[in-house]
Structures are given as C-alpha cells and as structure tokens.
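Descriptive analysis of the structure
Each chain, written out:
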Amino acid sequence: MTTVSPFARATNDFDEPRISGREQTIEEMYSVPESFLEIEVRNPQTHGFGRKMYTDYEIVCKTNIPAFKLRHSLVRRRYSDFEAFRDVLERESTRVNIPPLPGKVFTNRFSDEVIEGRREGLERFLSIVAGHPLLQTGSKVLCAFLQDPAWEKSQWL
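Residues numbered from 1 in each chain as written. Predicted model: local features only at pLDDT ≥ 70, side-chain atom pairs only at ≥ 80, totals over all residues. Heavy atoms only, no water.

Looking at the element boundaries, cysteine 143 is found in helix H5 (residues 140-147). Along the primary structure cysteine 143 and phenylalanine 68 are separated by 75 residues, whereas in three dimensions their C-alpha atoms are 5.9 Å apart. Discounting residues that sit within four places of it in the chain, cysteine 143 has contacts with Ala67, Phe68 and Asp148. (Helix = DSSP H or I, 4+ residues; strand = E, 2+ residues; numbered from the N terminus. Contact = heavy atoms within 4.5 Å.)

This part is about the nonpolar core. Core analysis: the largest hydrophobic core is formed by 31 residues, its most contacted members being Ile59, Phe85, Leu126 and Leu146. Elements supplying a minimum of two residues to this core: strand E1 (37-47), strand E2 (54-63), helix H2 (79-92), helix H3 (112-130) and H5. Residue contacts for leucine 126: discarding those within four places in its chain leaves Ile39, Val41, Ile59, Phe82, Phe85, Gly131, Phe145 and Leu146. (Core = buried A, V, L, I, M, F, W, Y, C linked by side-chain atoms within 4.5 Å. Buried < 20%, exposed > 50% of the residue type's maximum accessible area, 1.4 Å probe, protein only.)

So, about the pairing of strand E3 (residues 72-78). Sheet faces and side chains relate simply in a regular strand, where the side chains alternate between the two faces. Side chains Ser73, Val75 and Arg77 of E3 all project onto a buried face; the interleaved residues His72, Leu74, Arg76 and Arg78 project onto a face where none is buried. Bridging between E2 and E3 involves seven bridges; their strand directions are antiparallel. When the sheet's bridge partners are listed, valine 60 is paired in E3 with leucine 74. (Pairing = 2+ DSSP bridges.)

This next bit is on the pattern of salt bridges. Tallied over the full model, the rule gives nine salt bridges. Put simply, glutamate 83 and lysine 104 hold a salt bridge, and the shortest N to O gap is 3.8 Å. On the criterion of sequence distance, the pair formed by glutamate 83 in helix H2 and lysine 104 in the loop between H2 and H3 is long-range, its members being 21 residues apart. Judged by its relative accessible area of 26%, glutamate 83 is partly exposed. One salt-bridge network, held together by shared partners, links Glu40, Arg42, Asp56, Glu58 and Arg76. (Salt bridge = Lys/Arg side-chain N within 4 Å of Asp/Glu carboxyl O.)

Whenever strands of a sheet pair, they do so through backbone hydrogen bonds, lying parallel or antiparallel. Read across the sheet, three strands follow the order E1-E2-E3 without closing on themselves; strand pairing throughout is antiparallel. Bordering the open sheet on either side are E1 and E3, each of which pairs with just one other strand. Taken pair by pair, the neighbouring strands of this sheet meet at an average axis angle of 20°, ignoring direction. Across nine bridges, E1 lies against E2 in antiparallel orientation. (Axes fitted to C-alpha atoms, helices over the stretch in contact; angles between N-to-C directions.)

Structure below.
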C-alpha cells in the first residue's frame, strides 16, 4: 500500500501555468503603473491650549489619475474636517457605501497612542474612499478635500 502525504501536490490540469505568453520586460516590471494612487496621513500636530486643543494631520496624495488636478499634493486636515467630508460624500454619493471614520475619543485624546490609532484609521478611510472608481469620477468634494489647501467645510455643508 502506497502512503501519500497530505501535503503532496496533486498533478492535474491546474498545475499548468494559467497565463501563457511572453515574459514581462524589466521596463514593464519597474515602470510607473498605468494608474496609481498613494495616500499617506502623517505628521500629526496638536495645537492650542485647554479646551481649544485639536490635532491636525498632513495628507500626502500622489497620483496620475486624471480626475485629480495635481499629481502631488500636501494639505492639513483636522478630525472635524474628516467628519464634514464624510457627511458631504454620503449626501453626494448615494450609490456608494461610505466607510465609517475611526471613532470619537473623549479621554486621553491627545496621547500618542490615541493620535497614532486615529492617524492609521484616517489613512485607511481615505485609501478606501479615494480608491473607489465611482467617487474618483463622480465626487466633487473628494479631490478638493485631498488637494486644496484652502478647503473649508463651510463651502460644502
């Protein structure tokens, strides 16, 4: 009796390469992709004193997607700006399910851990929203929020 290891690879039609054709060239492997979008939320800064304290975040956007006016941009936004942006997106884009923002924090909101957790959540939120094809082409507020340093929530609400 022959014992076959459960980890042995079975031989069948699936072992054949799925894509036939030529190999990629070095230029194709390492060239700029046809369309790309990189968003980074970084460099949180806390401003003010007492009850007037707030933290804002730098948003860096690099893209070659035609819907965006700039190839590279850098703006600063605070959490309340993200809340207003999300509200406008929800009203503007009824066919797209807009993901939630990271939750509000009421205690220790200026601790390094809380700020870093929020930064990561905001970056995840922006990557999902900005990467959505319907929002890239149909949203008026998306490009403005990501790229216009003079963006004001009062213009959109």
